Amino acid sequence: MIRHAISNLNGWLAILAIVLSSSAGDVLLSRAMKQIGDVGPLRRKRGLSFVALLVLRNKFFLLGVGCMAISFYSLLFGLSWNDVSLVGPAAASLTFVANAIAAKFFLRERVDSRRWAAALFVAAGVVLMAF
Amino acid sequence: MTVRKYLTLAGVTVFAPVGDSLLSYGMKQVGNISLRHVSELLLTITNPWVGLGIVFLLGFFATYMTALSFADLTYVLPASSLGYVLLALIARFALHENVSVTRWLGIALVSAGVGFVTSGPELTRRPPRRRSDDLATERQL
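Residues numbered from 1 in each chain as written. Chains lettered and ligands numbered in written order. Predicted model: local features only at pLDDT ≥ 70, side-chain atom pairs only at ≥ 80, totals over all residues.

Colleague: Would you mind showing me how to read the overall build of chain A here?
Modeller: Along the backbone of chain A there are six helices and zero strands. Walking chain A from its N terminus toward its C terminus, one meets helices and strands in the order α-α-α-α-α-α. Projected onto its principal axes, the C-alpha coordinates of chain A cover approximately 65 × 30 × 25 Å. Residue pairs at least 24 apart in sequence account for 76% of intrachain contacts in chain A once pairs closer than 6 positions are excluded. (Helix = DSSP H or I, 4+ residues; strand = E, 2+ residues; numbered from the N terminus. Contact = placed C-beta atoms within 7 Å.)

Colleague: What is the right way to look at the overall build of chain B in this model?
Modeller: For chain B, the count of helices and strands is seven helices and zero strands. Ordering the α and β elements of chain B from the N terminus gives α-α-α-α-α-α-α. For chain B, restricting intrachain contacts to residue pairs at least 6 apart in sequence, the fraction spanning at least 24 positions comes to 74%.

Colleague: Just to check I follow, could you spell out the interface of chain B and chain A for this structure?
Modeller: A common way to report how large an interface is uses the accessible area buried once the components associate. Every contact between the two is made by 29 residues of chain B and, on the other side, 32 residues of chain A. Considering every element that reaches the side of chain B that touches chain A, the biggest residue donor is helix α6 (residues 101–118) of chain B, with eleven residues. Of the residues in the side of chain B that touches chain A, the class split is 15 nonpolar, eleven polar and three charged. (Nonpolar A, V, L, I, M, F, W, Y, C, P; charged D, E, K, R; others polar.)

Colleague: When you look at the nonpolar core in this model, what are you seeing that I'm missing?
Modeller: Nonpolar side chains tend toward joint burial in soluble globular proteins. Ile15(A), Ala91(A), Val122(A), Val12(B), Ala67(B), Leu68(B) and Val76(B) are the most contacted members of the largest nonpolar core, which totals 60 residues. Contact partners of Leu68(B), with chain neighbours within four places excluded, come to Leu29(A), Ser30(A), Met33(A), Leu73(B) and Val76(B). (Core = buried A, V, L, I, M, F, W, Y, C linked by C-beta atoms within 7 Å. Buried ≥ 20, exposed ≤ 12 C-beta atoms within 10 Å, placed from the backbone.)

Colleague: Would you mind showing me how to read helix α4 (residues 73–80) of chain B here?
Modeller: In an α-helix there are 3.6 residues to a turn, and that puts residues three or four apart on one side. Of all eight residues in α4(B), eight are buried; the element is thus mostly enclosed. Turning to α4(B), its buried residues are Leu73(B), Thr74(B), Tyr75(B), Val76(B), Leu77(B), Pro78(B), Ala79(B) and Ser80(B).

Colleague: Looking at this structure, how should I read the environment of Leu43(B)?
Modeller: Here Leu43(B) shows up in helix α2 (residues 39–43). Considered as a pair, Leu43(B) and Leu22(B) are 21 residues apart in the sequence and their alpha carbons are 16 Å apart.

Set out below in structure tokens:
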């Protein structure tokens, strides 16, 4: 009984860690790429290696990759405590909603009703697709 | 949105599920790896399916970063979630797996979400900064 409760608690803590680190990673990567600007014209003008170097030297990019690594290890931790059928969809769908909130407040994106609806529909759809 | 931008989003959508599927197929061929023999994990890259899966996932990361350079995060994420639908369609029509009614409902919801977000603008336009703001910033520096 207690063992089951601990397993459940650890599973949900892992889901929380995945959602937070994955959203932080996405926000940081997005911030890095907005700082660099549209890479299409930049690549044509200065070449692929210049763009790659620009991305790899951006501190927000490096922090974002670090957050993604934390998210990956949190997923492995979560999978060791709970079923993939719970951890996978719960983390994926909550990340869509968390990203919308984080993008609104940290990236100052204009998240209108259309984008809220999209995030919620996709989050609900991901949960249903797991069954 | 230009054709190049639509192609980039299509790349994000296709590379991730195909890469994951290739990795899954390759790892099933490799078999279980014990934590005591972690070095074996490095050798899994020699499996052609795992190698190809990694190439696809690198393609996903490159197209994802490119998409984030011209579109908002709240646009790219739902728009590229069509990959979930693609995975379900591969399971149903290529692998002949059974897709339940709830899963079809999930596909419908994801597709509706993608429809919502792609009908709007891809980037939050900010008004250009006024000259006086620039001067104030320069003075602060």
